[in-house]
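Each chain, written out:
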Amino acid sequence: MRPRRRNVTRSIAVHSYKGGTGKTTITANVAVALALKGRRVGVMDMDLEGPGLHVFFDLDPSQLRFTVNDVLAGVAPPEAACVRMSEKMNLNGGEIYYTPASVKVSEIMRTLKEGFELDTFENAIRRLQEKFGLHYLLIDTHPGIQHDTLLALGICDHQVVISRVDQQDIFGTGVLVEISSTMDKPVHLILNMIPPRIRESEVLKFARTLGAHFTVDMAGWLPFSEEVIGSLSKAILTLKMPRNPMSQRFRGLAEAIESFA
Amino acid sequence: MRGSRGVLLAVTLFLGILVAVGGLHKVNAAGEGFTLTSLPARTSEGNASGVDLTLSVTNAANPGSYSFTWTVTDPSGGSASTTKPVLSTAAAWTVAAKYPSDFGASLNLVGSYDVIIAENLPSLNSSIATGQFTVGLTDYTSYQRTSTVHVEASGYLPADNVTINIVYGATSVSGYPSSKNADPTGAVQFSWQTAVDSALGNYTVSLAGTNTVAKNPADIQQVIVYPTNITLTPLRTGSIVVQRTETVDFWFNATYPNGAFVNTGSAPLRLMEPDGVTIHTVNAIYDLSSGTYHAAYPTSLTHAQGTWTATVASASFTDAFGNSGPSTVQQTSFSIQRATLAVSLLSSSGTYAQGSVIPLYTKVTVPGNYNFTQGAVSAVFISSGRTIVGPISLVYDQSLGKWTGSYKVNRVDPTGTWVVTIIASDNYGNIGQGTASLNVDTQGTQTSADLGWVVWLLVLVIVGLGCGILILRRRGVIHREVKLDVQAIKQKANEVKGDDFLQSIQTQLKRRAERIAAEKEKRD
Ligand SMILES: Nc1ncnc2c1ncn2[C@@H]1O[C@H](COP(=O)(O)OP(=O)(O)OP(=O)(O)O)[C@@H](O)[C@H]1O
Ligand SMILES: [Mg+2]
């Protein structure tokens, strides 16, 4: 399996208007699905206010020397805050390089207060891509329309917006997508936690309707899954239960991401 | 003893009251009752039929002999009398004297005439009844505008030139003073026609002869002119049933008592909603072309459905001069129904390949024939009875005057004839729909656009099917739960886009892009 484009890394920001839409779950699972295909995948936790990826990767960021907060503050080089996961996870030849965010309140506060330079963030991405020969860099973000997050989105090659299909979520997603599309980056939509009573044809019809009104491309959808919620974010389903239909779904999303133009 | 004294007191009191009350009625010693009536109580000078001064007697002696003398004192102080004997054959009877004929007098002076009747037989009593009548110049003392004031005066020298004047305030009314010769009997008659706009209030009518010795009192009298009543023909409406946005027309004619048509002023038409509470007002004004009063009420998309009543309240119509009407309420009713919106899709027919955009330009008009701009217009594409996509919301484009939207044909979309149904509706139950068909070819090979009647037959079948399915599908779970309010989203997004912070992000990103481009150039 050869990467489609050797020397171009795709940076993909995973975002949503509301919290709890499944950004972190999807980021972790899709990263694993891509790695299991032999891809070299970077995963960065840019949810500086509410980091969550470390739970999936079973790491305690306070035990680490550096985090992404230090990178953004210009304290540490990006590769120093990066953890190689493949040994621990047995990724079948693929790689995951994970950059956690700090869980220490004082550091979170500091980063939020000081913000970060666009250049610092951009350089960090470039360094990671070059150092580790990444095919993809998935960036988990903090939900909502905030300055730093939007700035990060503007740097990435693709934006993936996660939304549930409830009324508030869809409204916010519409707003977010409208704003994102002003940054001239392709915007993709993943509908998550679709209630079981909704037929696939309905979901697709709804997605098409969204597509008819907003410049957004439907990347896929996930049903509500007892297994996902039951795993309490501790296990990456794609890794632990590859046969589970949900894992199949996550692999489908990975395929969709690989087909991003 | 005590009882008889009480009765005596009561009788005395009763008599006292009778005397005090007007002196028309007296009871003489023998116990008769006398009442004098003057008929008419008011008349004009020279009235040939005169005034009947009738004495009614009750409790009369029967049989008995009576005799009475009537004395009338005219406004100059002069008096004349007449005496009439009566042979009583009943307990109650009347006896009348006619003034002026029975008195050898005349009715030539304006003012109050006093009458006193004396009894000569069987008792002698200088005043058993008194009364009064008035003589003026006009047939009435007050008039409504448009009515005619008839004036009659007498007592002038035959053929004497009599000056006539009618004065309002300090000025004579138009046409006066004028003059007229008395007839051979010395009488002068004329009439003054009041108009719809005659000044309201007191007028003084006066006459004076040239050779006739000045009358004492002079021939002067006041009349009052009041506003007149306007009568309306029944309120008519142009249409008994209208759809919202159509205009309801109302008409009526207004006339004065003399039959002339009113053509000034206006009437508020009160329109009551079916709730029986909410009132709208529209003014009916004179329409020269139809010669009637007309009011037009344009209804709107939000007006209540049901039966409305239109009313011209009594006395609510007022002409330019303060005359008013009608005396009773005029009413009619009409009914407002929801609007059926006309939906026409302007530009979608044709053949579309994968990736091409199907434009949806839709003109939606209300029954009142203007554009429907507020509400929801959405499109649903159906093929072979299956919904392909939709509802897609269309957005109103002010500059085009059309609802616009589009759909980009997908690789996975079915090839064939698609039917697009556009439904326009609002929160008030106004609704309409339009349908068009188009050919979609996702395989890239163009289907023949000219399959003739076969295609149309197919279209017809599919429209029927589609409508059925549409009705069923409209209950789709997602759409029942999640509404895609495109306009609200775009509006909210525009608010955010206007924010400074987003602008600053965009400038930063732009600067970065420029820098990258510059670096790249340097490298090359
Ligand atoms: N498809 C799904 N079915 C059922 N539960 C799901 C699904 N996707 C995510 N969840 C659950 O929803 C919760 C929120 O997910 P997650 O933390 O990934 O969301 P998030 O968008 O990262 O939230 P935050 O905005 O707080 O970072 C978790 O408990 C997760 O297990
Ligand atoms: Mg998260």
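Residues numbered from 1 in each chain as written. Chains lettered and ligands numbered in written order. Predicted model: local features only at pLDDT ≥ 70, side-chain atom pairs only at ≥ 80, totals over all residues. Heavy atoms only, no water.

On to the overall build of chain A, then. Regarding its fold elements, chain A presents twelve helices and eight strands. Here chain A holds 261 residues, and the buried ones make up 60% of them. Considering only contacts in chain A between residues 6 or more positions apart, those separated by 24 or more positions represent 79%. Summed over all atoms, the accessible surface of chain A reaches about 10,500 Å², with 51% contributed by carbon and sulfur. (Helix = DSSP H or I, 4+ residues; strand = E, 2+ residues; numbered from the N terminus. Buried < 20%, exposed > 50% of the residue type's maximum accessible area, 1.4 Å probe, protein only. Contact = heavy atoms within 4.5 Å. Areas by Shrake-Rupley, 256 points an atom, 1.4 Å probe, with all protein chains shown as cover.)

Let us now look at the overall build of chain B. Within chain B, the regular secondary structure consists of five helices and 37 strands. Out of the 524 residues belonging to chain B, those deemed buried represent 40%. A separation threshold of at least 6 residues defines the contact pool for chain B, and within that pool the share at least 24 residues apart is 63%. Approximately 26,500 Å² of chain B is accessible, and the part contributed by carbon and sulfur atoms is 55%.

The next subject is the packing of aromatic side chains. Residue and element names in this part refer to chain B. Applying the stated criterion across every chain, the model contains 27 aromatic pairs over all chains. Their ring planes at 70° and their centres at 5.6 Å tell us that phenylalanine 250 and phenylalanine 334 sit as a pair that is edge-to-face. Placement of the pair is phenylalanine 250 in strand 21 (residues 247–252) and phenylalanine 334 in strand 29 (residues 330–337), with a sequence separation of 84 residues. This pair shows no difference in class: phenylalanine 250 is buried, exactly as phenylalanine 334 is. Their ring planes at 35° and their centres at 5.9 Å tell us that tryptophan 308 and phenylalanine 334 sit as a pair that is tilted. (Phe/Tyr/Trp six-rings, centres within 6.5 Å; stacked < 30°, edge-to-face > 60°.)

Before going further, it helps to examine the sheet that holds strand 5 (residues 136–141) of chain A. Residues and elements named next belong to chain A. The eight strands are arranged 3-4-2-5-1-6-7-8 in an open sheet whose pairing can be described as mixed. Since the sheet does not close on itself, it has two edges, and those belong to strand 3 (83–84) and strand 8 (217–223), each with one partner. Note that strand 2 (residues 40–46) and strand 5 share six bridges and pair parallel. Its bridge partner lying in strand 5, valine 43 is registered against leucine 138. (Pairing = 2+ DSSP bridges.)

Residue and element names in this part refer to chain A. Of all residues adjacent to ligand 1, which total 17 residues, the nearest are Lys23, Thr24, Thr25, Asn192 and Ser225. Here lysine 23 contributes a side-chain N or O atom positioned 2.7 Å from an oxygen atom of ligand 1. Contacts to ligand 1 include threonine 24, whose side-chain N or O atom sits 2.6 Å from an oxygen atom. Protein chains bury 81% of the 620 Å² of accessible surface belonging to ligand 1 in isolation. Among the secondary structure elements, those contributing two or more residues to the shell around ligand 1 are helix 1 (23–36), strand 7 (187–194) and helix 10 (226–230). Ranked by the residues each element gives to the shell around ligand 1, the list is headed by helix 1, at three residues. Across the shell around ligand 1, the residue classes tally to seven nonpolar, eight polar and two charged. (Near = heavy atom within 4 Å. Polar contact = N/O pair within 3.5 Å; in protein donor to acceptor, adjacent residues only side chain to side chain. Nonpolar A, V, L, I, M, F, W, Y, C, P; charged D, E, K, R; others polar.)

Strand order in the open sheet made by the eight strands is 30-32-35-34-33-36-37-31 (chain B), with mixed pairing throughout. At either end of the open sheet lies a strand with only one pairing partner, and these are strand 30 (342–345) and strand 31 (351–353) of chain B. The sheet shows a mean angle of 30° between the axes of neighbouring strands, direction not considered. As paired strands, strand 33 (residues 376–383) of chain B and strand 36 (residues 416–425) of chain B are joined by seven bridges and run antiparallel to one another. Each residue of the ladder has a partner; that of isoleucine 382 of chain B, found in strand 36 of chain B, is valine 419 of chain B. Seen against the sheet, helix 9 (residues 200–213) of chain A touches strand 34 (386–397) and strand 35 (402–408) of chain B and runs at an angle of roughly 30° to strand 34 of chain B. (Axes fitted to C-alpha atoms, helices over the stretch in contact; angles between N-to-C directions.)

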